[in-house]
Amino acid sequence: MTLYIATNNAHKVKELAELFPGIPLRTPADAGIEFDHDETEDSFLGNSLGKARALFGLVKAPVLADDSGLCVDALGGAPGVRSARYGSPDDGRTVLSARDKNELLLREMEGRRDRTCRFVCAMTLMLSEHRFVTVQETCEGRLLESSRGAEGFGYDPVFFLPGEGLSMAELSLERKNRLSHRGRAAARILAVLASLPD
Ligand code: IMP
């Protein structure tokens, strides 16, 4: 079964390709579709379902949608669902670079001792308009005081995994996929796919 993935984010595409081996994945761009869904919901679940529905409406074929972000407890869960747009107005016209978002976050957290945070991923598999499943998984960590590592993307350099003694950006893609919010969500979606009748 080919899955259309509701993202054009090259980093996510790379991770998803490793997480769903043997399953052909197609981006909207591969299908010649311009897909830029507005994330208007206040939950990862709502946005994941919204993206899946929007893309399904265009391709009328099975879809995989991921909505994810970083939630920092001391900031009341921010950047949260606004992770991609953190530090930018909601007009969608300006988006800070990952480096600028990380610097802003580290500044906001300067001097704070409570640095617990988590990555969250809500992933939806939509088989038809009326048949879908959404799972939500997390990866717990601590916000670093300065960036570390060059792998991964987004907030990976400022996210420390106490169990590994490393930042997310210091892990290989294989290790990240084993531990990450997206990796855990994908494992559950794979179990659903395996349970489907032929
Ligand atoms: P969206 O799911 O496309 O709305 O964007 C998620 C945003 O959250 C990304 O642009 C990143 O800033 C951040 N994010 C999501 N997953 C990860 C990850 O695995 N590592 C680092 N940052 C992430």
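Structure's up top.
What you are looking at is a predicted structure, and each value in this text was computed from that prediction instead of being measured.

1. Quick word on the pairing of strand 3 (residues 63-72)
Burial analysis of strand 3 places ten of its ten residues in the buried class, the great majority of the element. One ladder, built from ten bridges, connects strand 3 with strand 4 (residues 116-128); its direction is antiparallel. Note on strand 4: the bridge partner recorded for Leu 70 is Phe 119.

2. Here we look at unusual backbone geometry
The peptide bond linking Ala 78 to Pro 79 adopts the cis configuration, its omega dihedral lying at -5°. Relative to the helices and strands, Pro 79 resides in the loop between strand 3 and helix 3 (98-108). Although it is not a glycine, Lys 60 sits at a positive phi angle of roughly 50°. A relative accessible area of 62% places Lys 60 in the exposed class.

3. A few points about the site of the ligand
In the vicinity of the ligand, 17 residues are found, and the nearest of them are Lys 12, Glu 39, Asp 156, Lys 176 and Arg 182. The separation between an oxygen atom of the ligand and a polar main-chain atom of Ser 68 is 3.0 Å. Take Tyr 155: an N or O atom from its main chain is 3.1 Å from a nitrogen atom of the ligand. Protein contacts shield 92% of the accessible area of the ligand, which totals 490 Å² for the unbound molecule. Broken down by secondary-structure element, the contributors of at least two residues to the shell around the ligand are strand 3 and helix 5 (181-195). Partitioning the shell around the ligand into residue classes produces four nonpolar, five polar and eight charged.

4. What about helix 3?
When helix 3 is considered as a whole, its buried residues turn out to be Lys 101, Asn 102, Leu 104, Leu 105 and Leu 106. Check the buried side of helix 3 and you find it contacts strand 3 and strand 5 (131-143).

5. Regarding the environment of Tyr 86
With respect to the element layout, Tyr 86 can be found in the loop between strand 3 and helix 3. C-alpha of Tyr 86 to C-alpha of Lys 101: the two residues are 15 residues apart in sequence and 6.4 Å apart in space. Here Glu 108 takes part through its side chain, which lies 3.2 Å from a polar atom of the side chain of Tyr 86.

6. Digging into the sheet that holds strand 6 (residues 159-161)
Reading across the sheet, the seven strands line up as 2-1-3-4-5-6-7 and stay open at both edges, with mixed pairing between neighbours. Edge positions in the sheet fall to strand 2 (25-26) and strand 7 (166-167), since each has one partner strand and no second. Where strand 1 (residues 3-5) lies against strand 2, two bridges are found, and the strand directions are parallel. Counted as the bridge partner of Leu 3 is Leu 25 from strand 2. Contacting strand 1, strand 3, strand 4 and strand 5, helix 2 (residues 44-59) runs over the sheet at an angle of about 155° to strand 3.

Basis of the calculations
Residues numbered from 1 in each chain as written. Predicted model: local features only at pLDDT ≥ 70, side-chain atom pairs only at ≥ 80, totals over all residues. Heavy atoms only, no water. Buried < 20%, exposed > 50% of the residue type's maximum accessible area, 1.4 Å probe, protein only. Helix = DSSP H or I, 4+ residues; strand = E, 2+ residues; numbered from the N terminus. Pairing = 2+ DSSP bridges. Near = heavy atom within 4 Å. Polar contact = N/O pair within 3.5 Å; in protein donor to acceptor, adjacent residues only side chain to side chain. Areas by Shrake-Rupley, 256 points an atom, 1.4 Å probe, with all protein chains shown as cover. Nonpolar A, V, L, I, M, F, W, Y, C, P; charged D, E, K, R; others polar. Contact = heavy atoms within 4.5 Å. Axes fitted to C-alpha atoms, helices over the stretch in contact; angles between N-to-C directions.

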